[in-house]
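# Descriptive structure summary
Now for the letters of each chain:
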Amino acid sequence: SNGEQTKEPACFSSVIPGWFSEMSPMWPGEAHSLKVEKVLFQGKSDYQDVIVFQSATYGKVLVLDGVIQLTERDECAYQEMITHLPLCSIPNPKKVLVIGGGDGGVLREVARHSSVEQIDMCEIDKMVVDVSKQFFPNVAIGFEDPRVNLVIGDGVAYLKNAAEGSYDAVIVDSSDPIGPAKELFEKPFFQSVARALRPGGVVCTQAESLWLHMDIIEDIVSNCREIFKGSVNYAWTSVPTYPSGVIGFMLCSTEGPDVDFKHPVNPIDDSKSSGPLKFYNAEIHSAAFCLPSFAKKVIESK
Ligand code: SAM
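Cut-offs used in this document
Residues numbered from 1 in each chain as written. Predicted model: local features only at pLDDT ≥ 70, side-chain atom pairs only at ≥ 80, totals over all residues. Heavy atoms only, no water. UniProt positions renumbered as here; feature names shortened; annotations may be inferred. Near = heavy atom within 4 Å. Polar contact = N/O pair within 3.5 Å; in protein donor to acceptor, adjacent residues only side chain to side chain. Areas by Shrake-Rupley, 256 points an atom, 1.4 Å probe, with all protein chains shown as cover. Helix = DSSP H or I, 4+ residues; strand = E, 2+ residues; numbered from the N terminus. Pairing = 2+ DSSP bridges. Axes fitted to C-alpha atoms, helices over the stretch in contact; angles between N-to-C directions. Buried < 20%, exposed > 50% of the residue type's maximum accessible area, 1.4 Å probe, protein only. Contact = heavy atoms within 4.5 Å.

As named in an unreviewed UniProt entry, the chain is PABS domain-containing protein, taken from Brassica oleracea var. oleracea. For the chain, the Sequence similarities (unreviewed entry) comment in UniProt is given as "Belongs to the spermidine/spermine synthase family."

Now the structure itself:
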């Protein structure tokens, strides 16, 4: 091949020419692929490679370090579930912290909750925020809510300095544990989340795939069982463009008023917000906690 071709990022050429293929040591031996219509943005921030492309069937796609973060077609499933699983499980959430989530989609979903008074967000990479505002206006619309305070910085440091007992809910919308999000999966981080939550406060973190990452999930669950003295639960949902087509969430509460995540107490009035929910409803909320037997055995034994 000539010099021009070798400059092309591996993810655009190595499996099917003209298609994006998602390859990572986190899912060896498989590579989900999407047909590329046009590459819209390619950049390198201080933290990661950032790509936006127009796909043939999933709309625009945001890729960080070769890994799909969202597509226009299925982002609703992820953003609605990671947000409403925690916020619909407690009455009257007022103060919410989002770690990561630089695309703004979680903010858009938090904003549907009229009880919420303050939404703090700490995203490490300003390029993700800027690119999202430029290419994904229906996702980045979350940044326009007047309750949002955005800080660009490391979520680990941010939580270390957060006032004790200050949040009703913390949502960790992180990328995978290879790269800047590594520490967001480790025990000290979960300890500072617990410290920042009020008694009976809730956390929801992106917790990888049951099909691919039971080892990571086992570690997260056993750390969380030590740290969160309220309840500790694993939930999951379907997101076709995530590796193996599913993504999980770790949902925990601190000691205090009981939180029964499986039975939501705080329904959303979506007539008041930015258009109807596309994915989340009370039935899918409760169903998300039903686990396949192989996972149930491992998670319940921790
Ligand atoms: N909302 C996305 C979706 O729909 O799939 C999920 C991924 S979101 C873009 C993940 C974000 O976490 C990225 O923007 C990344 O820069 C950010 N991030 C990674 N490590 C971080 C850290 N240590 N502190 C704060 N943000 C971090």
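Structure's up, so let's keep going.
### Description of the site of the ligand
Not every one of the 25 residues close to the ligand is listed here, only the nearest: Gln69, Asp103, Glu123, Asp173 and Tyr242. At a separation of 2.8 Å, a nitrogen atom of the ligand approaches a polar side-chain atom of Asp173. A total of 590 Å² of accessible area belongs to the ligand in isolation, and the protein chains cover 99% of it. Among the secondary structure elements, those contributing two or more residues to the shell around the ligand are β5 (67–71), α2 (75–87) and β7 (118–123).

### A few points about the sheet that holds strand β10 (residues 197–206)
The strand order across the open sheet formed by seven strands is β8-β7-β6-β9-β10-β12-β11, and the pairing between neighbours is mixed. Strands at the two margins of the open sheet, each flanked by one partner only, are β8 (148–152) and β11 (232–238). On average, adjacent strands in this sheet sit at an angle of 15 degrees to one another, irrespective of strand direction. Both β7 and β8 contribute to a ladder of five bridges, which runs parallel. Its bridge partner lying in β8, Asp120 is registered against Asn149.

### A closer look at the environment of Asp120
Examined against the element boundaries, Asp120 turns out to sit in strand β7. Exposure remark for Asp120: the relative accessible area of 5% places this residue in the buried category. Each C-alpha atom, one on Asp120 and one on Ile99, is 8.5 Å from the other, the two residues being 21 residues apart in sequence. Setting aside residues up to four positions removed in sequence, Asp120 forms contacts with Lys95, Val96, Leu97, Val98, Asn149, Tyr158 and Tyr167. Within the structure, Asp120 has its side chain in polar contact with the side chain of Asn149 (distance 2.6 Å). At 2.6 Å, the side chain of Asp120 forms a polar contact with the side chain of Tyr167.

### Quick word on the pairing of β5
Of all five residues that make up β5, five are buried, and the element is covered over most of its length. Pairing geometry for strand β4 (residues 60–64) and β5, over four bridges, is antiparallel. Bridge pairing links Leu62 to Leu70 in β5. Once β4 ends, the chain turns through two residues before running back antiparallel as β5, passing Asp65 with a positive phi of about 45 degrees.

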